[in-house]
Amino acid sequence: MLILGIESSCDETAASVVKDHTQVLSNVISSQVEEHKLYGGVVPEIASRRHCENILPVVQKALADAAVTLNDLDAIAVTYAPGLIGALLVGVNFAKGLAIAAGKSLVPVHHISGHIAANYIAHPELKPPYLCLVVSGGHSHIVEVLSYTQFRVVGRTRDDAAGECFDKCARAMGFPYPGGVHIDQAAQNGDKTAFALPKPKVAGNEYDFSFSGLKTAVINLIHNSKQKSVDINYNDLAACVQNTISEIVTEHTMNAAIALGYDKIAVAGGVSANSGVRKAMADMCAKKGFSLYIPPLSLCGDNAAMIACAGSYNFESGIRAGAELNAYATMSLEENIPPNA
Ligand code: KG4
Ligand code: ZN
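Per-chain numbering applies: the sequence of each chain, read as written, is numbered from 1 onward. Working convention: letters from A go to chains and numbers from 1 go to ligands, in the order in which they are written. A pLDDT threshold of at least 70 governs which residues receive local features in this predicted model, and a stricter bar of 80 or more applies before side-chain atom pairs are shown or counted, although totals over entire chains, interfaces and linings include all residues. As a rule here, side-chain values come from all non-hydrogen atoms in the structure, and water together with hydrogens is ignored.

(A) Local environment of the side chain of N303. Strands here mean DSSP runs of E at least two residues long; helices mean DSSP runs of H or I at least four residues long; both are numbered from the N terminus. As for its placement among the helices and strands, N303 is situated in the loop between strand 10 (291-293) and helix 10 (305-316). Per-residue accessibility, obtained with a 1.4 Å probe over protein chains only, is compared with the maximum for each type, and a residue is labelled buried under 20%, exposed over 50%, and partly exposed between these values. Note on N303: relative accessible area 0%, which makes it buried. Any pair of N or O atoms that falls within 3.5 Å is considered a polar contact. Within protein, one atom must be able to donate a hydrogen and the other to accept it, and sequence-neighbouring residues count only if both atoms are side-chain atoms. A polar atom in the side chain of N303 sits 3.1 Å from the backbone nitrogen of A305. Should any heavy atoms of two residues lie within 4.5 Å, those residues are considered in contact. Beyond its immediate chain neighbours, meaning those up to four positions away, N303 contacts E7, A14, N27, I29 and S298.

(B) Structural view of helix 7 (residues 212-227). Residue count minus one, scaled by 1.5 Å, sets the expected span of a helix. Taking 1.5 Å of rise per residue, the 16 residues of helix 7 would be expected to cover 22 Å, and the 22 Å separating its terminal C-alpha atoms lies within 8% of that figure. Residues of helix 7 that are buried: L214, K215, V218, I222 and S225. Take helix 7 and look down its axis: the buried residues cluster within an arc of 110 degrees, on one side only. Check the buried side of helix 7 and you find it contacts helix 5 (162-172) and helix 8 (234-260). An arc is given here, and it is the one of the directions from the helix axis to the C-beta atoms.

(C) Highlighting the coordination of the zinc ion (ligand 2). Only N, O and S atoms count as donors, using a 2.8 Å cut-off from the metal and 3.2 Å for Na, K and Ca, and because water is excluded some sites may appear unfinished. Only H111 (NE2), H115 (NE2) and D302 (OD) from the protein reach the zinc ion (ligand 2) as donors, at distances of 2.0 to 2.1 Å. Viewed at the metal, the 4 donor atoms of the zinc ion (ligand 2) are separated by angles of 95 to 133 degrees, and the geometry they form is tetrahedral. Written as a sequence motif, the donor residues of the zinc ion (ligand 2) are H-x3-H-x186-D. Pair noted here: H111 and H115 are both in helix 4 (residues 111-122), with a separation of 4 residues, about one helical turn. Any coordination sphere not matching a tetrahedral pattern (four donors, all angles between 85 and 135 degrees) or a square planar or octahedral pattern (four or six donors, opposite donors over 155 degrees apart, other angles between 65 and 115) is reported as irregular.

(D) Expanded view of the site of ligand 1. The nearness test applies per residue and asks whether one of its heavy atoms lies within 4 Å of the molecule or strand. Taken together, 19 residues lie around ligand 1, and G137, D167, D184, G270 and N274 are the ones closest in. Within the backbone of G163, a nitrogen or oxygen atom sits 3.3 Å from an oxygen atom of ligand 1. Protein contacts shield 85% of the accessible area of ligand 1, which totals 550 Å² for the unbound molecule. Side-chain classes are defined by residue name, with Ala, Val, Leu, Ile, Met, Phe, Trp, Tyr, Cys and Pro counting as nonpolar, Asp, Glu, Lys and Arg as charged, and the others, Gly among them, as polar. Its residues placed into classes, the shell around ligand 1 shows 5 nonpolar, 11 polar and 3 charged. These domain limits were set by an automatic method or by a database of domain assignments. For the shell around ligand 1, the two domains that each supply at least three residues are domain 1 (2-116 + 301-316) and domain 2 (128-294). Here the accessible surface of atoms and residues is derived via Shrake-Rupley with a 1.4 Å probe, and residues count as covered only by protein chains that are part of the display.

(E) Main features of the sheet that holds strand 3 (residues 23-31). Sheet architecture is open: 5 strands sit in the order 3-2-1-4-5, paired in mixed fashion. Each of the sheet's edge strands pairs with one partner strand only, and the pair in question is strand 3 and strand 5 (105-110). This sheet shows a mean twist of 20 degrees between the axes of neighbouring strands, independent of strand direction. By definition, two strands form a pair when at least two bridges between them are found by DSSP. Here strand 2 (residues 12-19) pairs with strand 3 via 8 bridges, running antiparallel. Its bridge partner being in strand 3, E12 is matched across the sheet by S31. All axes here are fitted lines through C-alpha atoms, helices being fitted over the stretch that makes contact, and every angle between N-to-C directions spans 0 to 180 degrees.

If you want it as structure tokens, here you go:
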């Protein structure tokens, strides 16, 4: 089975050809990050315009790198939710036109199901059911992966996503966007016990997250020290931020796994590249005797191989869309019932 995947939900225009669910024949990513960096975050209109310019060459390169033609494909999979609406619309309409012109099936993919599917590419032996922590710039979820296409969200953030917290703390420390990776680097030389940072608890659902209090505490700490002209060691502060976020996501995931009876745990999304999160999850899983699955760094961030992989499972289970397919800025993983499914 040959699937072309297309991803344009944020600031990466990406296309990939994947064979038989997990064999990545090509994986092309055109990142706009250098341009958005100038503004300290993603500017939606710029993102849409760059997707318009980049999508055709990116898809052409993905087909050429895989040495396949449109005719060879079984289906075209595309991210249709959630994300920046103007960005999503470029990918959805491009995929729609391509599918109609080439006479191929169009398969809608929820972006988070794509991040989860990155683990099948990296670990083809991983099979549902299992529990997955999804932590990215826009999402923080604990998900029961019931099958390749069915999900139950048991924990979610009430405010900021984990990646957003990393990025906003990084910005307060003067690191460029996206700051998560800079916190990771600075943390390597820092003391994670130097500052006491809050680990907020959320009433009502012990698996839910809240990261805005941690972000505010870091911003206040920096602000107060500037007012008193006291120097802060940013390596230490980065190590504390990373350690606090890593402990929060690990504790919540482990509590959910134990309560719900899972001994297979996966991690997905851009923040799964974080060395502190990877180590905390690995240590905790080793302690509890759980199996842990995390994608390599190359598949943690946004890419289209994960969309093609998720799309291939959707395709296999009969999920299709027609010319009426729309894009949605928000859509929960559970209500992800694509048109014509
Ligand atoms: O999954 P992703 O590429 O895009 C979304 O779907 O949101 O995730 C991007 C997020 C950003 O917040 C970025 O700072 C964060 O992942 N990130 C990291 C690291 N690498 C990427 N955060 C912490 N440590 C890292 N090494
Ligand atoms: Zn993403």
